[in-house]
Amino acid sequence: MRNALRFPIRLKILITMLVVVTGVVGAIVATMANLFHMDKKTYITDLVSMVTASTAEERGPTTAACCRRLACRRPTCWPTSNAIRCLSPASWTARRT
């Protein structure tokens, strides 16, 4: 009765190595997947930022021209570093006369 469930040492070592290697590979895969998702999120954020900046730079002069053509009486245009400068309160009184 004592010798009913006896496993050879080779099988014990094989199962131990299988569990260790599976655990290590699983940890590596989980880490790499996490790094990939973080990198992809950063890439998309940077891409959206660059597209937004270039679109704003391209549309700046057009928006400024529309603002001048409509003779805005209040600062409705969004100021940017390039071309859009809304009418200042000093120019509001100058235009009204």
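Residues numbered from 1 in each chain as written. Predicted model: local features only at pLDDT ≥ 70, side-chain atom pairs only at ≥ 80, totals over all residues. Heavy atoms only, no water.

## Focus on the overall build of the chain
Within the chain, the secondary structure is distributed over two helices and zero strands. Taken across its 97 residues, the chain has 9% of its residues classed as buried. Counting every atom, the chain has about 8,700 Å² of accessible surface; 67% of that belongs to carbon and sulfur. (Helix = DSSP H or I, 4+ residues; strand = E, 2+ residues; numbered from the N terminus. Buried < 20%, exposed > 50% of the residue type's maximum accessible area, 1.4 Å probe, protein only. Areas by Shrake-Rupley, 256 points an atom, 1.4 Å probe, with all protein chains shown as cover.)

## Let's talk about a nonpolar patch on the surface
Residues Ile-9, Ile-13, Met-17, Val-21, Val-25 and Val-29 make up a contiguous nonpolar surface patch of roughly 570 Å² in combined accessible area. As for its placement among the helices and strands, Val-21 is situated in helix α1 (residues 9–70). (Patch = residues over 30% accessible without salt bridge, like charges linked within 9 Å, V, L, I, M, F, W, Y side chains within 5 Å. Salt bridge = Lys/Arg side-chain N within 4 Å of Asp/Glu carboxyl O.)

## Digging into the confidence of the model for the chain
Scored by pLDDT, the chain has a mean of 77; 65% of the residues are at 70 or more. Note that residues 81–85 has pLDDT below 50 and, in this model, 11 contacts with residues that lie over four places away or in other chains. Segment residues 87–97 is flagged for pLDDT under 50; beyond a separation of four residues in sequence, or across chains, it makes 10 contacts in the model. (pLDDT = per-residue confidence, 0-100. Contact = heavy atoms within 4.5 Å.)

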